[in-house]
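A structural walkthrough
One-letter residues, chain by chain:
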Amino acid sequence: MRLGSALTAALAVAATLPLTGTAASATSGATSRLATCQERALSVHAAPGGQRNVARIDVVNNGGRTCVVDRIPTVTFRGLDGSAEAVPPAGSAPYELSPGERAYAAVRTADPAATEGHVVGSLSVAADPSHPGATFGAAAVGMREGVHVWIPVTTLWQESRAAADSALTDALG
């Protein structure tokens, strides 16, 4: 009987672990129970990032309720399969956004002088992989010759633009 009780207790604890894990946004068990933000309640923006191959992105919760997006922005490139990889490497997890709150990330593509990769006319950003996202032309993100794509990376959502820039610098050196 003791083995059965211990096994039952262990299984009960294991079953609660996914609900009480933490994410980059210091999420709690309560965050995992929040609804995913409706795309219509969000505004997604993209702008030049200060370097020829960096774009800054942000998302704002314009809704009246706290909700969650994925902690990794989904950044895709026109006509290409796949999306930018998270730096540092991370798995999917909720990122909580209160009403009016803004989160920031930075995306690095290939240097325009690089010979590897592809050149595309736009990139798309979604705050959550369940959303189609918004598309931004290369010029809108400061890449007038096109978006040069070769092993693109994105930071996790951060609380400030400076934190996103720092996370990208820290991850890539």
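**Thoughts on the overall build of the protein**
- When helices and strands are counted, the protein shows three helices and twelve strands.
- Going through the 173 residues of the protein one by one, you find that 39% of them count as buried.
- Contacts in the protein between residues far apart in sequence, at least 24 positions, make up 74% of those at least 6 positions apart.
- Summed over its atoms, the accessible surface of the protein is roughly 9300 Å², and 54% of this surface lies on carbon and sulfur atoms.

**Looking at the environment of Thr74**
- With respect to the element layout, Thr74 can be found in strand 4 (residues 74–77).
- Sequence separation between Thr74 and Val125 is 51 residues, and the spatial gap between their C-alpha atoms is 5.7 Å.
- Once residues within four sequence positions are removed from consideration, Thr74 is found in contact with Ser124, Val125, Ala126, Asp128 and Pro129.

**Observations regarding the sheet that holds strand 7 (residues 102–108)**
- Across the sheet, five strands lie side by side as 1-2-7-12-5; this open sheet has mixed pairing. The sheet is open, and its two edges are formed by strand 1 (42–48) and strand 5 (85–86), each paired on a single side.
- Pairing geometry for strand 7 and strand 12 (residues 153–154), over two bridges, is antiparallel. By the bridge assignment for strand 12, Arg108 is matched with Val153.
- Sheet strands in contact with helix 3 (residues 161–172) are strand 2 (54–61), strand 7 and strand 12, and its direction is about 30° off that of strand 7.

**Points about the sheet that holds strand 4**
- In spatial order, the strands read 4-9-10; together these three strands make up an open sheet with antiparallel pairing. The sheet is open, and its two borders are formed by strand 4 and strand 10 (134–137), each paired with just one other strand. Recorded for the sheet is a direction-independent mean angle of 25° between the axes of neighbouring strands.
- Note: strand 9 (residues 122–126) against strand 10, four bridges, orientation antiparallel. By the bridge assignment for strand 10, Ser124 is matched with Thr135.

**Overview of the pairing of strand 4**
- Burial of the side chains of strand 4 is restricted to one face: Val75 and Phe77 are buried, whereas none of Thr74 and Thr76 on the reverse face is.
- Note: strand 4 against strand 9, four bridges, orientation antiparallel. By the bridge assignment for strand 9, Phe77 is matched with Leu123.

**Focus: the environment of Asp165**
- Structurally, Asp165 is set in helix 3.
- Take Asp165: its relative accessible area is 22%, and that puts it in the partly exposed class.
- Along the sequence, Asp165 and Arg56 sit 109 residues apart, while their C-alpha atoms lie 8.3 Å from each other.
- Within the structure, the side chain of Asp165 is placed 2.6 Å from the side chain of Arg56, a separation counted as a polar contact.

**Brief notes about the state of the cysteines**
- Counted under the stated rule, the structure contains one disulfide.
- Here Cys37 is linked by a disulfide to Cys67, with a sulfur-sulfur distance of 2.0 Å. Handedness here is read from the sign of the S-S torsion; for Cys37 and Cys67, about 95°, the answer is right-handed. Taken together, the positions of Cys37 in the loop between helix 2 (29–32) and strand 1 and Cys67 in strand 3 (residues 67–70) put the pair 30 residues apart, joining distant regions of the chain. Each member of the pair, Cys37 as well as Cys67, carries the same accessibility label: buried.

**Some remarks on helix 3**
- With twelve residues, helix 3 extends 17 Å between its outermost C-alpha atoms, agreeing within 8% with the 16 Å of an ideal straight helix rising 1.5 Å per residue.
- Among the residues making up helix 3, those that are buried are Ala164, Ala167 and Leu168. Looking straight down helix 3, one finds its buried side chains confined to an arc of 95°; they lie on one side. Turned more than 90 degrees away from the buried face of helix 3 sit Ala162 and Asp170, all of them exposed.
- Lining the buried residues of helix 3 we find strand 2, strand 7 and strand 12.
- Phi turns positive one or two residues past the end of helix 3, at Gly173, with a value near 80°.

Basis of the calculations
Residue positions are given per chain, counted from 1 along the sequence in the order it is written. Where local features are concerned, this predicted model is filtered to residues with pLDDT of at least 70; where side-chain atom pairs are given and counted, the filter is 80 or more; whole-chain, interface and lining totals use all residues. Note: side-chain values were computed over all heavy atoms of the structure, leaving out hydrogens and water. Segments assigned H or I by DSSP are reported as helices when at least four residues long, segments assigned E as strands when at least two residues long, and all are numbered from the N terminus. Relative accessibility thresholds used throughout: buried, under 20% of the residue-type maximum; exposed, over 50%; partly exposed, between the two (1.4 Å probe, protein chains only). Residue contacts are counted whenever heavy atoms from the two residues lie within 4.5 Å of one another. For the area figures, the Shrake-Rupley method with a 1.4 Å probe applies, and any residue is considered shielded solely by the protein chains shown. We treat two strands as partners when DSSP finds at least two bridges between them. Axis definition: a line fitted to C-alpha atoms, limited for helices to the stretch in contact. Angles are taken between N-to-C directions and run from 0 to 180 degrees. N or O atoms closer than or at 3.5 Å make up a polar contact, with two conditions inside protein: a donor-capable atom paired with an acceptor-capable one, and, for residues adjacent in sequence, both atoms drawn from side chains. Pairs of cysteine sulfur atoms within 2.5 Å are what we label disulfides. Each residue after the first adds 1.5 Å to the expected span of a helix. As used here, the arc is the angular range of directions from the helix axis to the C-beta atoms.

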